[in-house]
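Observations on the model geometry
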Amino acid sequence: NQAVIDYLLEVCTFWVKEYDIDAIRLDVANEVSHEFCRQLRKKMKSLKKDFYIIGEIWHNAFPWLRGDEFDGVMNYQLTESLNEFWLNKNTTVKDLEQRVNHCYTMYTKNINKGLFNLLDSHDTARLITRMAKGKAVNKDTVNKTMQEFVTMFCMEGTTCIYYGTEFLLEGEHDPDCRRCMPWAEFEKGDFSSTHEWMKKLIALRKTIPALRSENYEFVYDLDKTGKSRILHLIKKDTEGKILHVYLNCSSEKIDIPLEHFVDKNILLSNCFSDNILFPDGYLMVM
């Protein structure tokens with residue numbers, strides 16, 4: 001119905017002109033007509049060339065990503081791949097590599113740049129709550145959650161942090177995952193350490209081109225079989241600079257060969273000391 005389409009486009013135009021919004025997310029986007037999505041794109045791009053249109057589609061969304069509708073979709077394929085690895089100790093790094101590769105071979109390279117990567121949302125239980133598996137959140141739970149975030153920040157696409165997850169807010173499935181922000185506790189500094197850690201991770205994502213590069217490689221130098229849970233990712237930027245990301249998701253201590261690095265520039269680490277990466281630890285080094 002063109003009259004309905006025109007009305008909705010007027011609503012979107014109002015938000016751009018009056019409030020200068022930069023993006024729109026369409027809920028349950030696979031149940032919206034393609035014709036509306038095409039007209040929405042033309043209208044929004046005419047108002048702002050860099051306007052970002054994201055769709056909530058949980059399955060393969062290629063029909064909406066042909067250049068005339070959405071800029072990206074919520075990358076729940078990646079969410080499920082990462083969650084499966086951290087929540088299921090029976091999965092191996094090789095399993096993770098296969099699932100991540102699947103996420104980024106479903107679409108073309110230009111589409112991958114616009115994918116909306118996330119670890120939790122208003123439709124899922126909070127990440128830290130899922131990681132705790134019904135138990136009280138403890139240091140080990142936090143460390144594992146940090147590992148998963150580090151891995152997501154290595155992936156190509158647009159990185160999303162659901163409100164409150166910047167300090168690991170807890171919450172079961174909807175509606176508990178939509179609980180109010182604990183502003184009073186936040187302003188008292190109760191979450192300052194986690195919040196500062198997240199800010200460091202964001203700063204690295206912005207300043208280290210290799211971290212947001214499309215070039216990633218799973219390396220099996222610490223485990224030739226790929227059957228363990230010791231993850232070594234290599235990221236390269238367009239100038240050939242290399243970032244190494246180590247994550248120890250096993251129960252064993254592992255020795256990191258820092259002597260192979262010329263600069264030994266450690267960007268971020270946790271549970272790492274004297275070249276030993278302890279269980280649930282990570283290391284980002286260039």
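Before reading further, recall that the structure is shown in the block above.
A brief structural summary. (Residues numbered from 1 in each chain as written. Predicted model: local features only at pLDDT ≥ 70, side-chain atom pairs only at ≥ 80, totals over all residues. Heavy atoms only, no water.)

Turning to the packing of helix α7 (residues 139–153) against helix α9 (residues 192–207), a few remarks are in order. The interhelical angle for the contact between α7 and α9, taken along N-to-C directions, is 15 degrees, at an axis separation of 11 Å. By the angle between their directions, the pair α7 and α9 is classed as roughly parallel. In the packing of α7 onto α9, the handedness of the crossing is right-handed. Taking contact as the criterion, the partners of Met-146, Phe-149, Val-150, Met-152 and Phe-153 in α7 are, on α9, Trp-197, Met-198, Leu-201, Ile-202 and Arg-205. Tallied by class, residues from the contact of α7 with α9 come to nine nonpolar, no polar and one charged. (Axes fitted to C-alpha atoms, helices over the stretch in contact; angles between N-to-C directions. Helix = DSSP H or I, 4+ residues; strand = E, 2+ residues; numbered from the N terminus. Parallel < 35°, antiparallel > 145°, perpendicular 65-115°, else oblique. Left-handed = near helix turned anticlockwise from the far one by under 90°. Contact = heavy atoms within 4.5 Å. Nonpolar A, V, L, I, M, F, W, Y, C, P; charged D, E, K, R; others polar.)

On to the pattern of salt bridges. Two side chains of opposite charge can pair, provided their charged atoms sit close to one another. With the rule as written, the count across this model stands at 19 salt bridges. Among the ionic pairs, Glu-214 bridges to Lys-109, the shortest N-O distance being 3.5 Å. Separated by 105 residues along the polypeptide, Glu-214 in the loop between α9 and β6 (215–218) and Lys-109 in helix α5 (residues 109–112) bring together distant segments of the chain. The class of Glu-214 is partly exposed, set by a relative accessible area of 26%. Here Asp-176 and Arg-179 are joined by a salt bridge, their closest N and O atoms 2.9 Å apart. Shared partners join several salt bridges into a network, and the residues in it are Glu-35, Arg-38, Asp-68 and Glu-69. (Salt bridge = Lys/Arg side-chain N within 4 Å of Asp/Glu carboxyl O. Buried < 20%, exposed > 50% of the residue type's maximum accessible area, 1.4 Å probe, protein only.)

For the rest of this paragraph, the subject is α9. Given a rise of 1.5 Å per residue, 16 residues ought to cover 22 Å, and the 22 Å separating the end C-alpha atoms of α9 matches this to within 8%. For α9, the complete set of buried residues consists of Thr-194, Trp-197, Met-198, Leu-201, Leu-204 and Arg-205. Take α9 and look down its axis: the buried residues cluster within an arc of 115 degrees, on one side only. Exposed side chains of α9 directed beyond 90 degrees from the buried face belong to Lys-200, Lys-206 and Thr-207. (Expected span 1.5 Å × (residues − 1). Arc of directions from axis to C-beta.)

On to the packing of aromatic side chains, then. As enumerated under the stated definition, the model contains 13 aromatic pairs in all. Taking the ring centre of Tyr-163 as reference, the NZ or CZ of Arg-126 above it sits at 4.7 Å. (Phe/Tyr/Trp six-rings, centres within 6.5 Å; stacked < 30°, edge-to-face > 60°. Lys NZ or Arg CZ within 6 Å of the ring centre and 35° of its normal.)

Let us look at the state of the cysteines. Applying the stated criterion across every chain yields a total of zero disulfides. Not engaged in a disulfide, the cysteine Cys-249 finds its nearest cysteine sulfur in Cys-271; these two sulfurs lie 11 Å apart. Overall, the relative accessible area of 10% leaves Cys-249 in the buried class. (Disulfide = S-S within 2.5 Å.)

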